[in-house]
Amino acid sequence: MPPKTRITKEMIIDAAFDIAREAGAENINARTVAQRLNCSTQPVMYHFATIEELKKTVYAKADGYHTEFLLNMDEINSEKGRKEMMLVIGLNYIRFAIQEPQLFRFLFQSGFVAGDSLAEMIDSEELNPVIWPMQEAMEMNLEQTKKVFLTLFLFVHGYASIIANNSLEYDEELIAAQLQRAYKGAVLAVQEEDK
């Protein structure tokens, strides 16, 4: 019977995730992961044929972590959160950029994002856990919800990108007011288009 593997695939993914979170995904390589796990590079290369494959796996883990962060159920299940789900999710998106700037850059500024266009991104399955609760809260059909989401995403992503790159101080009151204005405008525009 072969000996048990001491370094598992999950351990490697977790170590690489921690590296991405602390130092940036560009620092994920066999040597840095092996150092974090206090092992040779052999287990890393055994479980992942390439570092690109490992980064894609870590990207998926980071994407799931980001989705959980956006859908913070304590906030969304509050009375305010149910009424203003788009605002809560938008602010959570910006808070993620503040609290996890390295992961934010990995997810949205590294070339790993799903799809080559905004239309592909909006239609990707990875976005469903965010879009569906919004659709329910907004009481709009899926296409209307996606249109409103796209407008708000561009607005919120701009703020988050500037903040994640240390170029703008976070002013939640100002950003919330601007996000509310953008949301109302997007809803009105979608309703106007559908008349």
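In this report, the structure presented in the accompanying data block is examined. Source: prediction; values computed, not measured.

If a probe as big as a water molecule is rolled over the atoms, it shows which places are left empty. Empty space within the largest pocket amounts to approximately 390 Å³. In terms of lining, the largest pocket is formed by 22 residues, of which the most central are His66, Phe108, Leu127, Phe149 and Phe153. Mapped by element, the contributors of at least two residues to the lining of the largest pocket are α4 (51-70), α7 (85-99), α10 (128-138) and α11 (142-164). Sorting elements by how many residues they give to the lining of the largest pocket places α4 first, with five residues. Per-class residue counts for the lining of the largest pocket are 16 nonpolar, four polar and two charged.

Moving on, we come to the pattern of salt bridges. One pass over the full model with this rule turns up six salt bridges. Here lysine 146 makes a salt bridge to aspartate 123, at a shortest N to O gap of 2.8 Å. Of the two residues, lysine 146 sits in helix α11 while aspartate 123 sits in helix α9 (residues 118-123), which places them 23 residues apart along the sequence. Among the residues examined, aspartate 123 registers a relative accessible area of 48% and is labelled partly exposed.

Rules used in this analysis
- Residues numbered from 1 in each chain as written.
- Predicted model: local features only at pLDDT ≥ 70, side-chain atom pairs only at ≥ 80, totals over all residues.
- Heavy atoms only, no water.
- 1 Å grid on protein atoms, 1.4 Å probe; cavity = no way out; pocket = protein on both sides within 12 Å on 5 of 7 lines; lining within 4 Å.
- Points joined across faces, edges and corners; volume = space filled by probe spheres on them.
- Helix = DSSP H or I, 4+ residues; strand = E, 2+ residues; numbered from the N terminus.
- Nonpolar A, V, L, I, M, F, W, Y, C, P; charged D, E, K, R; others polar.
- Salt bridge = Lys/Arg side-chain N within 4 Å of Asp/Glu carboxyl O.
- Buried < 20%, exposed > 50% of the residue type's maximum accessible area, 1.4 Å probe, protein only.

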